[in-house]
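A look at the structure
Here is how the chains run, residue by residue.
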Amino acid sequence: EAQVTQNPRYLITVTGKKLTVTCSQNMNHEYMSWYRQDPGLGLRQIYYSMNVEVTDKGDVPEGYKVSRKEKRNFPLILESPSPNQTSLYFCASSFLGGQGGEKLFFGSGTQLSVL
Amino acid sequence: AQSVTQLGSHVSVSEGALVLLRCNYSSSVPPYLFWYVQYPNQGLQLLLKYTSAATLVKGINGFEAEFKKSETSFHLTKPSAHMSDAAEYFCAVRVQGAQKLVFGQGTRLTINP
């Protein structure tokens, strides 16, 4: 089954404790992206990747890191989490190649709480 | 820069009534437009998309949307609401040739029995 898998589904942590949210897709997609969803703000892009070893900042990259060492994986790293990073996070992926009409496939989300 | 505005953060309709969710976009070049739906505790799923072919786009679950360039709108409609339509709906825009997808703030749809 084609899917984007995020782990963990829920995470509670404390300020300053490094954490990683994993994302994996099995569709051989070139493009992967991380979003955060906050009430009243919709989804905002954190980072994206066009292919292996190619990553770039989205609209709200501060406090986050990513890596793309393999095509299928795109982990999100919070080196020193703060309470304002409490949010619902989504990983998404799609093919490249068209003119932008490709559909994004989303993971089920990771609800992060930073105390 | 492209953007979308969804009018109304909450919309409530009765079962069987017309559903109308509003989306206006801003883009200096012809855009691609999308509607995504998010059911409780799930990720987003594509409902439909406009990619400069027909201006009336039909999606899944009986939804459709019409691209109106003169009004810079891409409103989502469904003739008869069903209880299973209760969800959050997001309009999104992407400039042709770019990968960045910009989302609106979302509209939560409630269906009353």
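So, how was this worked out
Residues numbered from 1 in each chain as written. Chains lettered and ligands numbered in written order. Predicted model: local features only at pLDDT ≥ 70, side-chain atom pairs only at ≥ 80, totals over all residues. Heavy atoms only, no water. Pairing = 2+ DSSP bridges. Helix = DSSP H or I, 4+ residues; strand = E, 2+ residues; numbered from the N terminus. Contact = heavy atoms within 4.5 Å. Buried area = accessible area lost by both parts, 1.4 Å probe. Salt bridge = Lys/Arg side-chain N within 4 Å of Asp/Glu carboxyl O. Polar contact = N/O pair within 3.5 Å; in protein donor to acceptor, adjacent residues only side chain to side chain. Nonpolar A, V, L, I, M, F, W, Y, C, P; charged D, E, K, R; others polar. Buried < 20%, exposed > 50% of the residue type's maximum accessible area, 1.4 Å probe, protein only. Lys, Arg positive; Asp, Glu negative; His and termini not counted. Phe/Tyr/Trp six-rings, centres within 6.5 Å; stacked < 30°, edge-to-face > 60°.

**Some points on the sheet that holds strand 1 (residues 4-7) of chain A**
Here 4 strands make up an open sheet; going across it, the order is 1-3-8-7 (chain A) and the pairing antiparallel. Whereas interior strands pair on both sides, the edge strands pair on one side only; in this sheet they are strand 1 and strand 7 (65-66) of chain A.

**Regarding the interface of chain B and chain A**
Counting residues at the interface gives 24 residues for chain B, matched by 26 residues for chain A. Across the chain B to chain A interface the summed buried area is about 1,800 Å²; carbon plus sulfur atoms make up 51%. Applying the counting criterion to the chain B and chain A interface returns 0 salt bridges. Linking chain B to chain A there are 3 residue pairs in polar contact (both at pLDDT 80 or more). Going through the elements one at a time, strand 4 (31-38), strand 5 (44-50) and strand 9 (87-95) of chain B are the ones with two or more residues in the side of chain B that touches chain A. Each residue belonging to the side of chain B that touches chain A can be placed in one class, and the counts come to 10 nonpolar, 10 polar and 4 charged.

**Some points on the side chain of Arg68(A)**
All names here are of chain A. Among the secondary structure elements, Arg68 is positioned in the loop between strand 7 and strand 8 (76-78). No salt bridge is formed by the buried Arg68; its nearest oppositely charged neighbour, Glu30, is found at 7.4 Å. In this structure the side chain of Arg68 is engaged in a polar contact, spanning 2.8 Å, whose partner is the backbone oxygen of Glu30. There is a polar contact of 2.7 Å between the side chain of Arg68 and the side chain of Ser49.

**Section: the pairing of strand 7 (residues 64-68) of chain B**
All names here are of chain B. Burial of strand 7 is one-sided: the residues Ala65 and Phe67 facing one way are buried, the residues Glu64, Glu66 and Lys68 facing the other way are not. Between strand 6 (residues 56-58) and strand 7, which pair antiparallel in sequence order, lie 5 residues; one of them, Asn61, sits at a positive phi of approximately 60°. Sheet topology note: the strand 7/strand 8 (residues 73-78) ladder contains 5 bridges and is antiparallel. Looking at the pairing, Phe67 lines up with Phe74 of strand 8. Here strand 7 hands over to strand 8 after 4 residues, with Thr72 in that stretch at a positive phi of 45°.

**Comments concerning the packing of aromatic side chains**
A full pass over the atoms with the stated rule returns 14 aromatic pairs over all chains. With 5.6 Å between their ring centres and 75° between their planes, Phe106(A) and Tyr36(B) make a pair best called edge-to-face. Here Tyr36(B) lies in strand 4 and Phe106(A) lies in strand 10 (residues 105-106), a pairing that spans two chains. We classify Phe106(A) as buried; its relative accessible area is 11%. According to the relative accessible area criterion, Tyr36(B) is buried, its value standing at 0%. Pairwise contacts between aromatic rings join Tyr35(A), Phe90(A), Phe106(A), Phe34(B), Tyr36(B), Phe90(B) and Phe103(B) into one cluster.

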